[in-house]
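Structure at a glance
So the chains spell out like this:
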Amino acid sequence: MMDNRECPCGQNRVRDEAAQWFVRLQAPVMGVDERQRYEAWLDEHPNHRDEILLLQGIWSATDLLPKERLQALCEPPAKRPQRRPLLRFAVAAGLLAMAVGLGLFSGLGASSDYSAEFATALGERRHIALPDGSVIDLNSRSRVRVQFVHHQRRVELAEGEALFRVEHDAGRPFTVEAGNGRVTVTGTRFDVRRDADSTRVAVEQGSVKVQGRDAAQAEFVSLTAGLGTRIDAQGKVAAPYGINADELTAWRHGKLVFNNAPLSEVVQEVSRYRAKPLRVGSAAVGNLRLTSVFRADNPEALLKALPNILPVAVRTLDDGSQEIIAR
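Residues numbered from 1 in each chain as written. Predicted model: local features only at pLDDT ≥ 70, side-chain atom pairs only at ≥ 80, totals over all residues. Heavy atoms only, no water.

Points about the overall build of the chain
As a reminder of what qualifies: In this description a helix means any DSSP run of H or I spanning at least four residues, a strand means any run of E spanning at least two, and both kinds are numbered starting from the N terminus. With a 1.4 Å probe rolled over the protein chains alone, any residue whose accessible area is under 20% of its type maximum counts as buried; one over 50% counts as exposed, and the rest are partly exposed. Here, two residues are considered to be in contact whenever any of their heavy atoms come within 4.5 Å of each other. With residues, only the protein chains shown are counted as cover, and all accessible areas are computed by Shrake-Rupley using a 1.4 Å probe.
Looking only at helices and strands, the chain has 9 helices and 18 strands in total. Out of the 327 residues belonging to the chain, those deemed buried represent 43%. Considering only contacts within the chain whose residues lie at least 6 apart along the sequence, 51% involve residues at least 24 apart. As displayed, the chain has an accessible area near 17,000 Å², and 51% of this comes from carbon and sulfur atoms.

Written out as structure tokens, the structure is:
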């Protein structure tokens, strides 16, 4: 039998909490963790479930309670407390105002379930939690656009680099558009970097499908943990190759890790963390190999150390940029 004692925290607070949960439940991007918090809140006191049932009746909503709980809560009308019409309308009006303010209630003119844009400045990193439970770590000078609509979760990496930790949802694939390619997953951990002439994808955990915009290559390229690929300027996806995910994503911890990397690639990476670009003076210099670890927030330390590691010199040009030349 249901316990009709008042909740210790007060009926007004219970009503406010129920309204907040009701609004959040209208958005289909609710993550697994949030759903578990909601169900834990339901179990704290019978009044919590009673308020949700009231709101469910006002709005003719469904699936706010698991079916077995809903059935258990359905009592004969004579046993359930009578709600005054004025209270019902007051709760409904308050809930509608909250829904409009939060922009979450479906059917109130919203064009999508969730839409946002995030960017980082020079040397900045950003940790972004999405409403479905997924997370994006954004590297320096990067920008993403996020849009969740109905049964799709879409992100555009407009520039830069991002590490994605995607909450598993088989019914709502997560796609990342970057340059001339697309990455599709249901739940995994992977890094995408968009450069001027190519896009790199590296998988740390799980699996992804990579598709380019090359009309002659219609099939997906599948990647599992420890594999990566590149999409060229024409939209062609390269065959999978082995990668060191820890090295490629060391930027999350403020480090730049180079393991036998061509100096041309080192220069391209370091330029992402400098106000002025860095160049190599010749193809021969660009082909030199470097193995070392540097701090991402101090790229000048690399330039000071480089002449002691390789047979090169660094010169400053008139525009303030710097060039690495043979010594």
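What about the pattern of salt bridges?
The condition is simple: We count a salt bridge whenever a side-chain nitrogen from Lys or Arg sits within 4 Å of a carboxyl oxygen from Asp or Glu.
Enumeration according to the criterion identifies 19 salt bridges in this entry. Between E117 and R145 there is a salt bridge whose closest N-O contact spans 3.7 Å. Within this pair, whereas E117 is found in strand β1 (residues 114-119), its partner R145 is found in strand β4 (residues 143-149), the two being separated by 28 residues in sequence. Overall, E117 belongs to the partly exposed group, its relative accessible area being 46%. One network of salt bridges, with partners in common, ties together E117, R143, R145, E156 and E159.

Details of the sheet that holds strand β18 (residues 322-326)
Counted only if it meets this: Here, any two strands with at least 2 DSSP bridges between them count as paired. For every element, the axis is a line fit to its C-alpha atoms; helices are fit only across the contacting stretch, and the angle between N-to-C directions ranges from 0 to 180 degrees.
The strand order across the open sheet built from 3 strands is β15-β18-β17, with neighbouring strands paired in mixed fashion. Since the sheet does not close on itself, it has two edges, and those belong to β15 (278-280) and β17 (312-316), each with one partner. Each strand axis lies, on average, 25° off the axis of its neighbour in the sheet, ignoring direction. The sheet strands contacting helix α7 (residues 263-271) are β15, β17 and β18, and the helix crosses β15 at an angle near 170°.

A short note on the layout of surface pockets
As a reminder, the rule being used: In this analysis a 1.4 Å probe is tested at points of a 1 Å grid over the protein atoms alone, and where it fits but cannot get out there is a cavity; an open set with protein on both sides within 12 Å along at least five of seven lines is a pocket; lining residues have an atom within 4 Å of a point. Grid points are joined across faces, edges and corners, and a volume is the space filled by probe spheres set on the points. Each residue gets one label: Ala, Val, Leu, Ile, Met, Phe, Trp, Tyr, Cys and Pro are nonpolar, Asp, Glu, Lys and Arg are charged, and the others, such as Gly, are polar.
By volume, the largest pocket is sized at about 550 Å³. R200, L248, V257, F258 and E265 are, among the 26 residues lining the largest pocket, the residues nearest its centre. Those elements giving two or more residues to the lining of the largest pocket turn out to be β13 (241-242), α6 (245-248), β14 (255-262) and α7. Broken down by element, the lining of the largest pocket gets its largest block of residues, 8 residues, from β14. When the residues that make up the lining of the largest pocket are grouped by side-chain class, the tally is 11 nonpolar, 5 polar and 10 charged.

Considering the side chain of T229
Selection criterion: Side-chain atoms alone can form a polar contact between residues adjacent in sequence; in general such a contact is a pair of N or O atoms within 3.5 Å, and within protein one must be able to donate a hydrogen while the other accepts it.
If you trace the backbone, T229 turns up in strand β12 (residues 227-232). Residue classification places T229 among the buried residues on the basis of a relative accessible area of 0%. Within the structure, the side chain of T229 is placed 2.6 Å from the backbone oxygen of A238, a separation counted as a polar contact. T229 has contacts with T199, R200, V201, V210, L223, V237, A238, A239 and Y241, leaving out every residue within four places of it along the chain.

Some points on the pairing of strand β5 (residues 152-165)
Moving residue by residue along a regular strand, the side chains alternate between the two faces of the sheet. Two strands pair when backbone bridges link them, and strand β3 (residues 135-138) and β5 are joined in this way by 4 bridges, in the antiparallel orientation. Residue pairing in the sheet places L138 in a bridge with A162 of β5. Bridge count between β4 and β5: 7 bridges; the pairing is antiparallel. Within β5, the position partnered with R145 by the bridge is E156. The pairing of β5 with strand β6 (residues 174-178) spans 4 bridges and is parallel. Residue V155 lies in a different strand from β6, and its bridge partner there is V176. In this structure, β5 lies alongside strand β8 (residues 189-194), joined through 6 bridges in antiparallel fashion. When the bridges of β8 are listed, R165 appears paired with R189.

A few points about helix α9 (residues 299-309)
The periodicity of an α-helix, 3.6 residues per turn, causes residues three or four positions apart to be oriented the same way. Put simply, the rule is: Directions from the helix axis toward the C-beta atoms define the arc.
P299, L302, L303 and L306 are the residues of α9 that are buried. Buried positions in α9, seen along its axis, are confined to an arc of 100° and lie on one side of it. Pointing more than 90 degrees away from the buried face of α9 are the exposed residues K304 and N308. Looking at the packing, one finds that the buried side of α9 touches β14, α7, β15, β16 (289-295), β17 and β18.

Considering the environment of G133
Among the secondary structure elements, G133 is positioned in the loop between β2 (126-129) and β3. Taking the C-alpha atoms as reference points, G133 and E34, separated by 99 residues in sequence, lie 8.1 Å from one another.

Focus on the nonpolar core
Definition in use: Here, the term nonpolar core denotes a set of buried Ala, Val, Leu, Ile, Met, Phe, Trp, Tyr and Cys residues that are joined through side-chain atoms within 4.5 Å.
I136, F164, F174, V176, V183, F190 and V208 are the most contacted members of the largest nonpolar core, which has 28 residues in total. The biggest single contributor to this core is β5, with 4 residues. Residues contacting F190, with those up to four places away along its chain left out, are A162, L163, F164, V166, V176, V183, V185, A202, V203, E204 and V208. Among the nonpolar cores identified, the runner-up in size contains 21 residues, and L256, A261, Y273 and L306 belong to it.

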